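# A closer look at the structure
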Amino acid sequence: MVVEMLVETALMTLTTEAGVTIKQNLPCQLDTVNIPWNMEIGLIPTDWYDLFSIGWKTPVPARGQYFVDQATSARYQVFGNPATYNDHLEVRVTRYPGGA
């Protein structure tokens, strides 16, 4: 049995699409999805990331909300529906190039 340990790589704030804070100080592991840029609606290139919660399961992020990296102010939009597990959740997020 292989046990994977999550490692905190970012402290995030979850916000609404309008930028209203839902919750701050959410420890996360943010992993780059190793694929070329994706062309979203209107042919906007995006990068995808997998975000894993560390030590929290709520609030459950909704599609369209944002995680904001508290150290860099980078914004990652929730791209998919979260998968919830006993001790964490996983969600795919996207980041548009050139933006914070």
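Each value, and the rule that gives it
- Residues numbered from 1 in each chain as written.
- Predicted model: local features only at pLDDT ≥ 70, side-chain atom pairs only at ≥ 80, totals over all residues.
- Heavy atoms only, no water.
- Helix = DSSP H or I, 4+ residues; strand = E, 2+ residues; numbered from the N terminus.
- Buried < 20%, exposed > 50% of the residue type's maximum accessible area, 1.4 Å probe, protein only.
- Contact = heavy atoms within 4.5 Å.
- Polar contact = N/O pair within 3.5 Å; in protein donor to acceptor, adjacent residues only side chain to side chain.

## Section: the environment of Asn81
- Within the element layout of this structure, Asn81 appears in the loop between β6 (75–78) and β7 (83–84).
- Residue class for Asn81 comes out exposed when judged on its relative accessible area of 59%.
- Linking Asn81 and Val91, residues 10 residues apart in sequence, is a C-alpha distance of 6.4 Å.
- If sequence neighbours within four positions are ignored, Asn81 has contacts with Arg63, Glu90 and Val91.

## Brief notes about the side chain of Gln77
- With respect to the element layout, Gln77 can be found in strand β6.
- Under the relative-accessibility criterion, Gln77 is labelled buried at 13%.
- In this structure the side chain of Gln77 is engaged in a polar contact, spanning 3.3 Å, whose partner is the backbone oxygen of Gly64.

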